[in-house]
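Given next are the chains, with one letter for each unit.
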Amino acid sequence: MSHTQLKVVLSQDKLPVEYYNIQHDLPEPLPPPLDPGTLQPMSPEPLLRLFAKECVMQEVSTQEFIPIPDEVRQAYLRLGRPTPLYRATRLEQQLKTPAKIFFKREDLNPVGSHKPNTAIPQAYYHRKEGTERLTTETGAGQWGSALALATALFDIDLTIYMTRISYEQKPYRRTLMEVYGAEVFASPSSRTNAGKKFLEQDPAHPGSLGIAISEAVEDCVTHPNTKYSLGSVLNHVLMHQSVIGQEAKLQMEEFGEEPDYIVGCIGGGSNFAGLAYPFMRDKLRGKSEAEFVAAEPKAVPSTTRGSYRYDFADTSETTPLIKMYTVGHTYQCPPIHAGGLRYHGKAPSMCMLIDKGYMRSVAYSQNEIMDAGMLLAQTEGIVAAPETNHAIKATIDIALECKRRNEAKTILFNLSGHGLLDLKAYEDKLSNRLVDYEPDAGVLARALEKVPVVR
Ligand SMILES: *Cc1c(COP(=O)(O)O)cnc(C)c1O
């Protein structure tokens, strides 16, 4: 009896022992961050007030591989790494495509997304450096719950600023964070000057990731022995996520396949970089022709309609400026269900790779990504997060293109998270209540006008 191989599960000893750092292989060095006051290139020293020293060193490092501490590998094992890699044969059959579709399961840990891959090492480095308390922001709550889990494992206090709209609409993620022992405040809050400023404008302000970042940073710098932790965008975060792609490479080899297309959704870019960069390493060395496809929402079209330039990482203009594709730090995104994809910018290394043509990006509306998610649920049985559904939609589009051309290509996508705490999005889809939004050219132009001009 012969069966098509459906999954590859790696044994414990195949868990990666080092992180891969794309900065070693980029076509040119990343442009330096700029000081928010002077707009001049800044040294990494001021970052030490916010981040773990080890993370700041990783942030600017061009060392190709960085060892993963044993305690971090232990925690990865405890939370289900290595994760399996599946083949989606029922989705292939449904689409009648000659393409083979594979996906990496980053939804199988206790909080249901890839985010613990960086929350774990960040909490570990802070513990080792003597930090007693961390602050952070969260949108829909995936990052907050991942860091709450990690700080519980490494015994650190955690304060989370959660965008008010999600705080009110996603009570279960808030509860999950509190179960792990974190304290959670709706943002904007009256605990910080940044928060008070927005509350004065509008007492029922729905909040934004940019505002929540401003609050978490202010709380950090105004309290002793408190540091801050960010869940995406930064180089060290993307580096931690490289465990995904390193495992996936081994698993694709075991399948006897090499991906022609590598696909993921992008909010800040970390889950897709995690899967893609170990493969991109080969492409940057001329050893692979694989295509890399990043999917974003049409409501926040940073890489498809934004501008590649320096911008603030937060709304209140307190953080350094980084060179990235941005729709402008003041851009107000309507409340789409893919809360994790509402950030105005994207990771600098990924933006450079898109700018130089090593990667391309596509954008989709809420209704089309939820249709893709429904199809995955009904074929493969997995209810994915609305964020992830962007990657699934891009995968389906590529598979259908393969069908038109009669090409048996191999597609690999990242299943970045499950949607069991996002059933509201599916409920709205099923009752035809999902509204599609695309900013018109004027809205985007006005948001970009507020981005400082850097010579
Ligand atoms: C946070 C999140 C994302 C987007 O963040 P990236 O840094 O781009 O990975 C995507 N999928 C899920 C499930 C998330 O929780």
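Description of the structure in this document. A quick note: this is a predicted structure, and the numbers were derived from the prediction, not measured.

Comments concerning the overall build of the protein chain
Here is step 1 of the chain: When helices and strands are tallied, the protein chain shows 18 helices and 15 strands.
Here is step 2 of the chain: Here the C-alpha radius of gyration of the protein chain, 21 Å, is about what a compact globule of 455 residues would show, namely 23 Å.
Here is step 3 of the chain: Principal-axis analysis of the C-alpha atoms gives the protein chain an extent of 65 × 50 × 45 Å.
Here is step 4 of the chain: Here the protein chain holds 455 residues, and the buried ones make up 62% of them.
Here is step 5 of the chain: Across the protein chain, every contact between residues at least 6 apart in sequence was considered, and the portion connecting residues at least 24 apart equals 77%.
Here is step 6 of the chain: Accessible area of the protein chain: about 17900 Å², with a carbon and sulfur share of 50%.
Here is step 7 of the chain: Once the 49 positive and 55 negative side-chain charges of the protein chain are each reduced to a mean point, those two points are 3 Å apart.

Some points on empty space enclosed by the protein
Here is step 1 of the chain: Applying the stated rule across the entire model yields three cavities of 30 Å³ or more.
Here is step 2 of the chain: One number sums up the size of the largest cavity: a volume of about 60 Å³.
Here is step 3 of the chain: The wall of the largest cavity is formed by Tyr 76, Leu 79, Arg 81, Thr 83, Arg 105, Glu 106, Leu 108, Asn 109, Pro 116 and Asn 117.
Here is step 4 of the chain: Its residues assigned to classes, the lining of the largest cavity shows four nonpolar, three polar and three charged.
Here is step 5 of the chain: Estimated volume of the second largest cavity: approximately 50 Å³.
Here is step 6 of the chain: As for the second largest cavity, its lining consists of Tyr 20, Asn 21, Ile 22, Gln 23, Asn 235, Leu 238, Met 239, Tyr 277 and Ser 349.

What to know about the packing of aromatic side chains
Here is step 1 of the chain: Tallied over the entire structure, the rule returns nine aromatic pairs.
Here is step 2 of the chain: Here Tyr 124 and Phe 154 contribute two aromatic rings whose centre-to-centre distance is 5.7 Å and whose plane-to-plane angle is 65°, an arrangement assigned as edge-to-face. Taken together, the positions of Tyr 124 in helix α4 (residues 116-128) and Phe 154 in helix α5 (residues 142-154) put the pair 30 residues apart, joining distant regions of the chain. There is no split in this pair, since Tyr 124 and Phe 154 are both buried.
Here is step 3 of the chain: Connected via pairs of aromatic rings, a cluster forms that spans Tyr 86, Phe 103 and Phe 413.
Here is step 4 of the chain: A cation over an aromatic ring shows up here: Arg 191 above the ring of Phe 185, its NZ or CZ 4.0 Å from the ring centre.
Here is step 5 of the chain: Positioned above the aromatic ring of Phe 279 is the side chain of Lys 249, whose terminal nitrogen or guanidinium carbon lies 5.8 Å from the ring centre.

Things to note about the sheet that holds strand β6 (residues 133-138)
Here is step 1 of the chain: Overall, parallel pairing links the four strands, which are arranged β8-β7-β6-β9 in an open sheet. Each end of this open sheet is capped by a strand with a single partner; those strands are β8 (183-187) and β9 (226-228). Strand-to-strand twist of the sheet, defined as the mean angle between neighbouring strand axes without regard to direction, takes the value 25°.
Here is step 2 of the chain: In the sheet, strand β7 (residues 157-163) pairs with β8 via five bridges, with the strands oriented parallel. Bridged to Met 162 within β8 is Ala 186.

Topic: α4
Here is step 1 of the chain: The first and last C-alpha atoms of α4 sit 18 Å apart over 13 residues, in line with the 18 Å expected at 1.5 Å per residue.
Here is step 2 of the chain: Burial within α4 is extensive, with eleven of its 13 residues counted as buried.
Here is step 3 of the chain: Of the positions making up α4, those classed as buried are Pro 116, Asn 117, Thr 118, Ala 119, Ile 120, Pro 121, Gln 122, Ala 123, Tyr 124, Tyr 125 and His 126.
Here is step 4 of the chain: Looking at the residues trailing α4, positive phi occurs at Gly 130, about 90°.

Quick look at helix α16 (residues 386-405)
Here is step 1 of the chain: Here α16 spans 29 Å end to end across 20 residues, near enough to the 28 Å set by a 1.5 Å rise per residue.
Here is step 2 of the chain: Across the 20 residues that make up α16, a large majority, 14, are buried.
Here is step 3 of the chain: Count one or two residues on from α16 and you reach Asn 406, which has phi positive near 55°.

As for the pattern of salt bridges
Here is step 1 of the chain: Throughout the structure, instances matching the rule amount to 24 salt bridges.
Here is step 2 of the chain: As a salt-bridge pair, Glu 64 and Arg 285 come within 2.8 Å of each other at their nearest N and O atoms. With a gap of 221 residues between them, Glu 64 in the loop between α1 (53-60) and β3 (65-67) and Arg 285 in the loop between α12 (270-284) and β11 (291-297) connect regions that are remote in the sequence.
Here is step 3 of the chain: Accessibility expressed as a relative area gives 16% for Glu 64, which makes it buried.
Here is step 4 of the chain: One salt bridge in this structure joins Lys 100 and Glu 257, with 2.7 Å as the shortest N-O distance. Here Glu 257 lies in the loop between α11 (242-255) and β10 (261-265) and Lys 100 lies in strand β5 (residues 100-105), a separation of 157 residues in the sequence.
Here is step 5 of the chain: The network of salt bridges with common partners includes Asp 25, Glu 64, Arg 281 and Arg 285.

Basis of the calculations
Residues numbered from 1 in each chain as written. Predicted model: local features only at pLDDT ≥ 70, side-chain atom pairs only at ≥ 80, totals over all residues. Heavy atoms only, no water. Helix = DSSP H or I, 4+ residues; strand = E, 2+ residues; numbered from the N terminus. Rg over C-alpha atoms; globule rule 2.2 N^0.38 Å. Buried < 20%, exposed > 50% of the residue type's maximum accessible area, 1.4 Å probe, protein only. Contact = heavy atoms within 4.5 Å. Areas by Shrake-Rupley, 256 points an atom, 1.4 Å probe, with all protein chains shown as cover. Lys, Arg positive; Asp, Glu negative; His and termini not counted. Charge placed at Lys NZ, Arg CZ, Asp CG, Glu CD. 1 Å grid on protein atoms, 1.4 Å probe; cavity = no way out; pocket = protein on both sides within 12 Å on 5 of 7 lines; lining within 4 Å. Points joined across faces, edges and corners; volume = space filled by probe spheres on them. Nonpolar A, V, L, I, M, F, W, Y, C, P; charged D, E, K, R; others polar. Phe/Tyr/Trp six-rings, centres within 6.5 Å; stacked < 30°, edge-to-face > 60°. Lys NZ or Arg CZ within 6 Å of the ring centre and 35° of its normal. Pairing = 2+ DSSP bridges. Axes fitted to C-alpha atoms, helices over the stretch in contact; angles between N-to-C directions. Expected span 1.5 Å × (residues − 1). Salt bridge = Lys/Arg side-chain N within 4 Å of Asp/Glu carboxyl O.

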